[in-house]
Amino acid sequence: MSLAFGRHHLAIPGPSVMPDRVLCAMHRPAPNIYAGELPEITEQIKIKLKALAQCSGDVAIYIGNGHSAWEASICNTFSRGDRAMGLVNGRFGSAWLQMANELGVQGEALSFGATSSVDPKKVEEALIADKSHEIKAVMTVQTDTSTGIRNDIEAIRAAIDAASHPALLMVDCIASFGCEPFDMDALGVDLMVCASQKGLMTPPGLSFMYVGEKFWAAHAKADLNTPYWNCQLRIHPDMYPDHFCGTPPTHHLYGVLEALTMLEEEGKENVWKRHDVFAEAVWAAVDAWSKAGTMQCSVADKFMRSTAVTAINTTDSKLAIQLRDWCESVAGVTLGVGLSPTPERQVVDNLFRIGHMGHLNPPMLMGTLGTIEAGLCALGSGHGSSALNAAAAVIAKSQ
């Protein structure tokens, strides 16, 4: 018998839960794509996007998922044969660098494993060793969705500066944008990419590339650029559809405007604090379960953990699979699969992930944690007690 006859809850790290306000905003007939409200809406979106990223530069909007923003960032920045250094501690940092290699860039990985953040001292040392300044850009993620690791972008920028190296700093914020603090100007980030389906609470299909002043010199020389990926016309269009190199993604624009308005109403500092609280609640529950040795957070140091997604290792490889199956089929909660930290493999059997990003409140989160506990009980898996009490105490103390 299944109990999953209420509203299904998606607890994966993206696509995240879409608010009713966003869905309702998208539920309308197709608009005129040359005049009327759509050009005005697009301008509002860009203003709100820049405010959320605290960016005084420019932002280009692409029709595509996060990988489209990756390709746009590479094509707009590099020429064939250019060198790039990728700071890797998970699947997505590695895959972004791999894409650069496949496009003709000489990408070199500086790996930090799958359980710890980037060590800025090693970044500084690697850049000092590049005495001829051949490395054109340093590529990293703020949060790697596969491992749940959060990198200290401020420390990475400081390492580049300490090495007196001219490399651009390129950051993937796909899993973290709208969830974790990010101040593009203050951090000295030259290019940032993100997408619509996680902290921005909108269906997959839009990606965004932010650029700062230093980016444009590299862009002027980039021979990987193509008519479609070129951000120049998207940022400074001759006519409205040029924002998108053709027909605009009409209904996604309505949705993302509503999502940005919701974030604006809540206040970005409050959004970040809410994500902090929910992450701490998840970690408290996992710590309680782990006392019987069943599972533990993949990243031991909580200061290295993302506040948008938590990766959890189980001592028994079958448990993660059985638990995900039970939660989905019996209770109506979908947990994230365990992704391999490297692109060569797809999934990891003894790992599952909880997405605690975007449109989320205590009933939704506590429901997820309670369902996991029920699943552990149903499967006869030994686990520590009082996980829900621990999570509830975190939420209670937040006020």
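Everything numeric here is computed off the predicted structure, so don't read it as measured data.

(A) Layout of the packing of aromatic side chains. Here the structure, examined in full by the defined rule, presents seven aromatic pairs. Between Phe-215 and Trp-216, the aromatic rings sit 5.0 Å apart at their centres with planes inclined by 70°, giving edge-to-face as the arrangement. Members of the aromatic cluster, joined through ring pairs, are Tyr-62, Tyr-228 and Trp-229. Sitting above the plane of the Tyr-228 ring, Arg-234 keeps its charged end 4.6 Å from the centroid. The ring of Phe-303 has Lys-302 sitting right over it, with the charged end atom 6.0 Å from the ring centre.

(B) Spotlight on the side chain of Ser-298. Structurally, Ser-298 is set in the loop between strand 11 (295-297) and strand 12 (309-314). Classification of Ser-298 by relative accessible area gives buried; the value is 13%. Polar side-chain contacts of Ser-298 include one of 3.1 Å to the side chain of Asn-313.

(C) How the structure looks around unusual backbone geometry. A cis amide bond, omega 0°, links Gly-14 with the succeeding residue Pro-15. Note that Pro-15 resides in the loop between strand 1 (9-11) and helix 1 (20-26). Residue Gln-54 is not a glycine yet carries a positive backbone phi of 50°. For Gln-54, the position within the fold is in the loop between helix 2 (37-53) and strand 2 (58-63).

(D) Looking closely at the packing of helix 5 (residues 120-129) against helix 6 (residues 153-162). Close contact between helix 5 and helix 6 brings their axes to 8 Å; oriented N to C, the two are set at 30°. Considering the angle they form, helix 5 stands roughly parallel to helix 6. Seen from above, helix 5 lies across helix 6 with right-handed handedness. Contact with helix 5, carried on its side by Pro-120, Val-123, Glu-124 and Leu-127, involves Ala-155, Ala-159, Ile-160 and Ala-162 of helix 6 and no other residues of that element.

(E) Structural context of the sheet that holds strand 10 (residues 206-211). Reading across from one edge, 2-10-9-8-5-3-4 is the order of the seven strands in this open sheet, with mixed pairing throughout. On the outer flanks of this sheet lie strand 2 and strand 4 (106-111), each paired with one strand and no other. Adjacent strand axes in the sheet meet at a mean angle of 20°, parallel and antiparallel pairs treated alike. Note that strand 5 (residues 135-141) and strand 8 (residues 168-172) share five bridges and pair parallel. Residue pairing for strand 8: Thr-140 is matched across the bridge by Val-171. Across the face of the sheet, helix 5 comes into contact with strand 3 (83-88), strand 4 and strand 5 while running at roughly 165° to strand 3.

(F) How the structure looks around the pairing of strand 3. Within strand 3, six of the six residues are buried, which leaves it mostly tucked inside the rest of the structure. Of the two faces of strand 3, the one holding Arg-83, Met-85 and Leu-87 and the one holding Ala-84, Gly-86 and Val-88 are both buried throughout. Of the strand pairs in this sheet, strand 3 and strand 4 are connected by six bridges, and their pairing is parallel. Looking across to strand 4, one finds that Val-88 is bridged to Ser-111. Each parallel crossover has a hand, and the one from strand 3 via helix 4 (residues 91-102) to strand 4 is right-handed. Both strand 3 and strand 5 contribute to a ladder of four bridges, which runs parallel. Paired with Arg-83 across the strands is Ile-135, a residue of strand 5.

(G) Focus on the nonpolar core. Ranked by size, the top nonpolar core spans 53 residues in total, and within it Phe-177, Met-192, Phe-208 and Tyr-210 carry the most contacts. Per-element tally for this core: the top contributor is helix 10 (residues 250-266), with eight residues. When neighbours within four sequence positions are excluded, Phe-177 is seen to be in contact with Leu-49, Leu-52, Ala-53, Met-192, Cys-194, Gly-199, Leu-200 and Tyr-210. Within the second largest apolar cluster, 34 residues are counted, among which are Ala-281, Ala-288, Leu-319 and Ile-395.

(H) Summary view of helix 2. With 17 residues, helix 2 ought to run about 24 Å at 1.5 Å a step, and its terminal C-alpha atoms sit 24 Å apart, in line with that. Phi turns positive, to about 50°, at Gln-54, one or two residues after helix 2.

Conventions adopted
- Residues numbered from 1 in each chain as written.
- Predicted model: local features only at pLDDT ≥ 70, side-chain atom pairs only at ≥ 80, totals over all residues.
- Heavy atoms only, no water.
- Phe/Tyr/Trp six-rings, centres within 6.5 Å; stacked < 30°, edge-to-face > 60°.
- Lys NZ or Arg CZ within 6 Å of the ring centre and 35° of its normal.
- Helix = DSSP H or I, 4+ residues; strand = E, 2+ residues; numbered from the N terminus.
- Buried < 20%, exposed > 50% of the residue type's maximum accessible area, 1.4 Å probe, protein only.
- Polar contact = N/O pair within 3.5 Å; in protein donor to acceptor, adjacent residues only side chain to side chain.
- Axes fitted to C-alpha atoms, helices over the stretch in contact; angles between N-to-C directions.
- Parallel < 35°, antiparallel > 145°, perpendicular 65-115°, else oblique.
- Left-handed = near helix turned anticlockwise from the far one by under 90°.
- Contact = heavy atoms within 4.5 Å.
- Pairing = 2+ DSSP bridges.
- Right-handed = clockwise from strand over helix to strand, strands pointing away.
- Core = buried A, V, L, I, M, F, W, Y, C linked by side-chain atoms within 4.5 Å.
- Expected span 1.5 Å × (residues − 1).

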